[in-house]
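These are the residues of each chain, in order.
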Amino acid sequence: MLLIKACVLLLTLLAVLPVAAFETTQVVTSPSESYQQYTAATCILIDSEMQDNTPDSTRYNELKQQHTRHCQAPFTAKHVARVLGNANTPKSTNIFDFIEADSQSEPQARAQSESARPTVSATKRMPEARTNILYPLLVTILPWFILLLVFSLLLGVMGRYFKKHAARRRGQAGEKRIEKRLKSCFAKGECRIFTNLVLSTDTGSLTEVDLVLLCRNGVFVIESKNYRGWIFGDPKRAMWTQVLHRRRSQFQNPLHQNYKHCLAIAHCLGLATGIESLVVFSDQVTFKTQMPANVVQEVGLVSYIRSFKHEVFTAAEFNRHGELLADVQLLSDKAAKRRHLDELNMRRKEPKMSMVD
């Protein structure tokens, strides 16, 4: 979002600066604000006297102002000769007396010269003035824009990174709460808890199971969802919806997601029955649609598990399944989880094939 705002800002500046340059050019080159031009000789005298004065003196500044205003397009030598040849012109060492005599003795010649001299229109001077205005503005703005662009890119990358890891930490916090609740409600010999198991399915792909609770009355495969807000879902739909602070987001149906986990546990233990799928949301969610019995909040987790009264495993089967899951727990190290993540990334990059009749 910040990157888009930075691009919009640059386009706005590029659109506004030419208009500002055009308006500034019109003001500078307006005929009503032009100054009367001196002769070339007068300008030479002004230059000479400027060299005789120091730049910080008042006289130098006055001469510089006169030169800037009246010596942009001085008269030709022909008009200078006419002024110098006039006997009525008083001799004076002051250049401003000479300027006054020049203006009084040659009004007609100056008017003719002014009309005959080619003028540079505002339209022709506009590109130069626009360049003079745009260049310093671009030199000033461009480094800041580049800095803003780099900052926006870094902020976007860091935002995605922290958002991804924040979601992972929230998920781990939810799993820890469920594990703590199960340990406090079930005796050590009554049930065994296994977390973050990386298992291989019957197709050879890897999957990670959040929590597995092994009891004499079944194996409960738990999918933890540490969400908040409103939850809308249908067991038959592929996607469910979360609404938090008026923001809607979709996520995969956790029942479908946990079905693959149940298949992996059944494949690992060699079981066809006794596997129970259970999805547990945090107590901060509100179900806005009717949910099946195996989709509960954390507060209803223990009561749902205790509703299974019938024992499906003998003591020997319970111990054997516990040993198998313990071996899987040992093998579910960081390397196994990394292989699982790499497999997920590769699976997301695979192109989807369409059926051709």
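Reading the values: rules and limits
- The numbering scheme is per chain: residues are counted from 1 as the chain's sequence reads.
- Local features are withheld for residues below a pLDDT of 70 in this predicted model, meaning they are given only at 70 or higher, and side-chain atom pairs are given and counted only at 80 or more; totals for whole chains, interfaces and linings count all residues.
- The side-chain quantities take in all heavy atoms of the structure and omit both hydrogens and water.
- Working convention: axes come from line fits to C-alpha atoms, limited for helices to the stretch in contact. Angles between N-to-C directions cover 0 to 180 degrees.
- Only DSSP runs of H or I reaching four residues or more are called helices, and only runs of E reaching two or more are called strands; each is numbered from the N terminus.
- We call two directions roughly parallel when the angle between them is under 35 degrees, roughly antiparallel when it is over 145, roughly perpendicular when it lies between 65 and 115, and oblique otherwise.
- Handedness of a helix crossing follows the sense of rotation of the near helix relative to the far helix, less than a right angle counterclockwise being left-handed and clockwise being right-handed.
- Contacts are assigned to residue pairs that have any heavy atoms within 4.5 Å of one another.
- Just so you know the grouping, Ala, Val, Leu, Ile, Met, Phe, Trp, Tyr, Cys and Pro go in nonpolar, Asp, Glu, Lys and Arg go in charged, and all remaining residues, Gly too, go in polar.
- Disulfides are defined as cysteine sulfur pairs within 2.5 Å.
- Here's how the labels work: a residue is buried when its accessible area is under 20% of the maximum for its type, exposed when over 50%, partly exposed in between, all with a 1.4 Å probe on protein chains only.
- A pair of strands is considered paired only if DSSP assigns at least 2 bridges between the two.

A. Highlighting the packing of helix H8 (residues 254-269) against helix H10 (residues 315-331). Direction vectors running N to C along H8 and H10 enclose 115°, while the axes themselves pass 10 Å from each other. By the criterion of interaxial angle, the relationship of H8 to H10 is roughly perpendicular. For the pair H8 and H10, the sense of crossing is right-handed. Every residue of H10 that contacts H8 at Ile265, Cys268 and Leu269 is listed here: His321, Leu324, Leu325 and Val328. Looking at the contact of H8 with H10 residue by residue, the class counts come to six nonpolar, one polar and no charged.

B. Molecular detail of the state of the cysteines. Under the definition given, this model contains two disulfides. What pairs with cysteine 43 in a disulfide is cysteine 71, and their sulfur atoms sit 2.2 Å apart. Between cysteine 43 and cysteine 71 the sulfur-sulfur dihedral comes to about -100°; the bridge is accordingly left-handed. Of the two residues, cysteine 43 is situated in helix H2 (residues 40-52) and cysteine 71 in the loop between helix H3 (58-70) and helix H4 (77-84); the sequence distance between them amounts to 28 residues. Accessibility classification places cysteine 43 together with cysteine 71 in one group, the buried group.

C. Region of the structure containing the pairing of strand E2 (residues 206-215). Here E2 lies mainly inside the structure; nine of its 10 residues are buried. Relative to E2, strand E1 (residues 191-200) runs antiparallel, the two sharing nine bridges. Across the sheet, the residue bridging to leucine 199 is threonine 207, located in E2. Hairpin connection from E1 to E2: five residues lie between these consecutive antiparallel strands, with glycine 204 at a positive phi of about 95°. One ladder, built from five bridges, connects E2 with strand E3 (residues 218-225); its direction is antiparallel. Looking at E3, one finds that leucine 214 is bridged to valine 219. Hairpin remark: E2 followed by E3, antiparallel, with two residues in the connecting loop.

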